[in-house]
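# Commentary on secondary and tertiary structure
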Amino acid sequence: MPNFCLPRTSHNCRPLSSGPMTGTAEFQRNNISTINSSSYTSFNKLENMAKIVICTLLALGLFVTLVSSDTIPTQNMSHKEREALREEARDMFYHAYHAYMDNAYPADELMPLSCKGRYRGVTPSRGDMDDILGNFSMTLVDTLDTLVILGDFAEFEHAVKLVIRDVQFDNDIIVSVFETNIRMMGGLLSAHILAEYIQKNAQVMHWYKGELLEMARDLGYRLLPAFNTSTGIPHARVNLRYGMKDELLKKSRETCTACAGTILLEFAALSRLTGDPIFEARAHAAMDALWKLRHRGSDLMGTVLNVHSGDWVRRDSGVGAGIDSYYEYLFKSYVLLGDDKYLARFNRHYNAVMKYVSEGPMLLDVLMHRPHAKSRNFMDALLAFWPGLQVLSGDLKPAVQTHEMLYQVMQMHTFIPEAFTIDFQIHWGQHHLRPEFIESTYFLYRATGDHHYLQVGKKALKALQQHAKVPCGYAAVNDVRTGKHEDRMDSFVLSETFKYLYLLFTEPQDLILNIDEFVFTTEAHLLPLSLAQLGNSTYSFRQSEEHNVLDFMRTCPSSNKLFPEKVRKPLRNFITGSCPRTPATKRLRALDFQASNADHLRAVYDMGITMVSLGDGKVRLFHSFYNAKSPEEGEMGLQFMQEMLELTKLQSLNQLAQLQAVAYPLDDKSNDWTALMAGPSHFSPELTEDDFVESEVILAEPLRACDERLANAEKAKGKILIAERGDCTFVSKARLAQKSGALALIVCDNVPGSSGETQPMFAMSGDGINDVKIPVVFMYSQEFAKLSKVMQRRPHMKIRIMQMIEFKRWQMAKESKANATETTPSASASTTTTTTKKSKPEKEL
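Residues numbered from 1 in each chain as written. Predicted model: local features only at pLDDT ≥ 70, side-chain atom pairs only at ≥ 80, totals over all residues. Heavy atoms only, no water.

## Topic: the sheet that holds strand β9 (residues 312-314)
Across the sheet, which stays open at both edges, the three strands sit in the order β7-β8-β9 with antiparallel pairing between neighbours. Of all strands in the sheet, those bounded by a partner on one side alone are β7 (254-256) and β9. Pairs of neighbouring strands in the sheet enclose a mean axial angle of 35°, with direction left out of account. Pairing analysis gives two bridges linking strand β8 (residues 304-306) to β9, with the strands arranged antiparallel. Looking across to β9, one finds that L305 is bridged to W312. (Pairing = 2+ DSSP bridges. Helix = DSSP H or I, 4+ residues; strand = E, 2+ residues; numbered from the N terminus. Axes fitted to C-alpha atoms, helices over the stretch in contact; angles between N-to-C directions.)

## Examining the packing of aromatic side chains
Applying the stated criterion across every chain yields a total of 28 aromatic pairs. Ring centres of Y197 and F518 lie 6.4 Å apart, and the angle between their planes is 70°; on these two criteria the pair is classed as edge-to-face. Of the two residues, Y197 sits in helix α5 (residues 177-201) while F518 sits in strand β22 (residues 518-520), which places them 321 residues apart along the sequence. By relative accessible area, F518 is classed as buried at 4%. Here F420 and F424 contribute two aromatic rings whose centre-to-centre distance is 6.4 Å and whose plane-to-plane angle is 25°, an arrangement assigned as stacked. Look at F424 and you get buried, because its relative accessible area is 4%. (Phe/Tyr/Trp six-rings, centres within 6.5 Å; stacked < 30°, edge-to-face > 60°. Buried < 20%, exposed > 50% of the residue type's maximum accessible area, 1.4 Å probe, protein only.)

## With respect to the UniProt feature "active site" (unreviewed entry) in the protein
In the UniProt entry, the feature "active site" (unreviewed entry) is given for E179, D324, E418 and E436. Relative to the assigned elements, E418 resides in the loop between α13 (396-413) and β16 (419-421). With a relative accessible area of 13%, E418 lands in the buried category. Along the chain, the position of E436 falls in helix α14 (residues 436-448). For E436, a relative accessible area of 12% translates into the label buried. Look past the residues within four positions of E436 in its chain and what remains in contact with it is A381, L382, A384 and F385. (UniProt positions renumbered as here; feature names shortened; annotations may be inferred. Contact = heavy atoms within 4.5 Å.)

## Focus: the UniProt feature "binding site: Ca(2+)" (unreviewed entry) in the protein
UniProt records the feature "binding site: Ca(2+)" (unreviewed entry) at T522, using the numbering of this structure. When you line up the elements, T522 lands in the loop between β22 and β23 (526-528). A relative accessible area of 15% places T522 in the buried class. Among residues more than four places away in sequence, those in contact with T522 are I182, T262, S325, E328, Y329 and E496. A polar contact of 2.9 Å, which involves the side chain of T522, links it to the side chain of E328. (Polar contact = N/O pair within 3.5 Å; in protein donor to acceptor, adjacent residues only side chain to side chain.)

## Considering the state of the cysteines
Under the definition given, this model contains three disulfides. One disulfide in the model links C256 with C259; its S-S distance is 2.1 Å. Residues C256 and C259 share a disulfide whose torsion about the S-S bond is about 90°; that sign makes it right-handed. Accessibility assignment for this pair places C256 and C259 in one class, buried. Across the disulfide, C706 is cross-linked to C728 (sulfur-sulfur distance 2.0 Å). (Disulfide = S-S within 2.5 Å.)

## Some thoughts on the side chain of E523
Take E523: it is sitting in the loop between β22 and β23. Contacts of E523, omitting those with residues within four sequence positions, involve D142, I182, R183, S491, F492, S495 and E496.

## Here we look at the environment of E689
Structurally, E689 is set in the loop between β27 (673-678) and β28 (692-699). Those residues within four positions of E689 in sequence are excluded, and the remaining contacts are Q803 and E806.

Here it is as structure tokens:
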């Protein structure tokens, strides 16, 4: 391995060229036998060239405990309680595992509410979500190595025999290359490696002769056709039997950055274990192609690209969905394979992320080509892996900060919702029992030894037990606000969520294998560091001329200031906005702030607040602890930002113009109309002033409107379509409605009891592609229930979708006209008639 800074005490790590060390901190060269000679050559070359040390507090196994004499972690957990939680995590795993094996196997997934298996082509389609399924017993394959970590060799042996007997890949079925690689390929390879491991060390499974590796090779060849593109970047999907010859795939063009950049660990392992270099070569080529597509000015990546032209389709750049594991595999490829170019690339991207995307503990997407412009106002749950990756790469302070922010979001909503806004409200309310937050909690505990992270893990475990456990496994939460379950238990719940919980509460010496000798893939599968020893005869490690010394320059943080307790303290009330103490100095209040006042601008700058112009005289404020003049100023900045949020909420009361109205006459003969509140969308035409859409309404079949075609598409033509929220994105439903010839779309909420009277109306988000030409509005369930009752009585009733403020104006005008008519003498009837004819045309309400 390369040189790592291993701080034994709370002193600073310093580069080799800085002279003698002080205190007891020291540098150690770790002569690990798993690294081949070509890797050492590369590292020595780097050392001689730059005389620096790659400062990594832990590199998937080299864990460090930071000790501070003046700060003691609170809420220390007893050994007895930790053992009890470990056994509870084990029981949770077996409750879910046996539910799958008894009720779903050989299906890919368990449906915990139905207590039956989910089969591709048999159970109702969920659209693109089902691309993870291949009718190849995915949950069992994904779970094999967890059984070994639990020490259950008997069940592992039984499961391996089932996989060898039942699983085959010669299926005429289209699957996700990314998901199939990380779940199936990773599961097979890890299980093969561990089967040989326990065969040698535990004297079991003597019958095993590498059958799982042969299955992995077969699967690898079936995935290879996806790499036949002009860029070398793989297609998002492939047919397991016909490759890219499938008619449905011939026009496919787009893939996400994470989809294309999360291949190398598994494919390199496959090449080195089988001796067939093609897999690793293709994966390296894909990573090289992706690196060339970065924005040269910002060093950021987008999230969706064209695999043939290399053009970016979506230029949003962050660390969450669509890009997350690309960064993870850059760093872990360096650790596992010993190629320093991946460290250089990771450092370039990491510095860009911390410069443009990181806003203190928050991580907000920007545009890769305009990195100072934020591209959305919410964060997604997948970014919770980032603190764990920061720990692995040696940057502990921001890892602690972001983890603390996420922990507060979890406490606020019981679970971390699928997406939440910058003021920590729910954007998407689902929680799929994802492992990323628990993963980061595990790595932070291993790096710091701070029992705070054991308490965090305990809270996450108890939340799963209380709110997700059902008689037949664990069910995803459809909405964290209501706790309603979804008939879904992804394979990663067994492969990752329960695995990381078990590891968190288990002492490393109590495990049957040395976890420090393995790398975790993004699906938490184990690949041994000894793979580097095998080498790849066709792929030469080379020092690329495009990298320089600065790409490798990373400094260890000062650990005497980085003990997690100290870093968390200023963030304890980050979400609520109440700070621990109020400085004696006079503080600028948000109510008094004037953007034209130079003193005010200087004051907010000292508080760590930056301003980004949005045009039209509007600005957006961002707060960062890094930029604050002092810790006290940083706390003042938090108060200022909270006050700004409160002011924004007050202003939102005056934003009636953004609301849409679904209006209809009280009865077929009446001229009196009523309107129900609806929310707009960001991706459809806005109905303003006199614009409206009028037609009969019709329910989509199926109601979720997530299939490729509506069953009642002909009847929907020329009408206003109604679809229910769920199963696919809002914009997907809108495109299907537009394809069916509908004039407009109403999306009704799938959360019972939700109402615009008690919840803030939100605008539906799109995916950045502006191809929806019909108006789309959103109604909460209580408002839609009123409309539904009227539709049942009057099936051919026409409704109008329009701007709410225009409906209000029409009502006021109508009332004024009625009052004028009542006060006009009967002798002036002719005058009244003339006035009525000159009023606003009825078609405009």
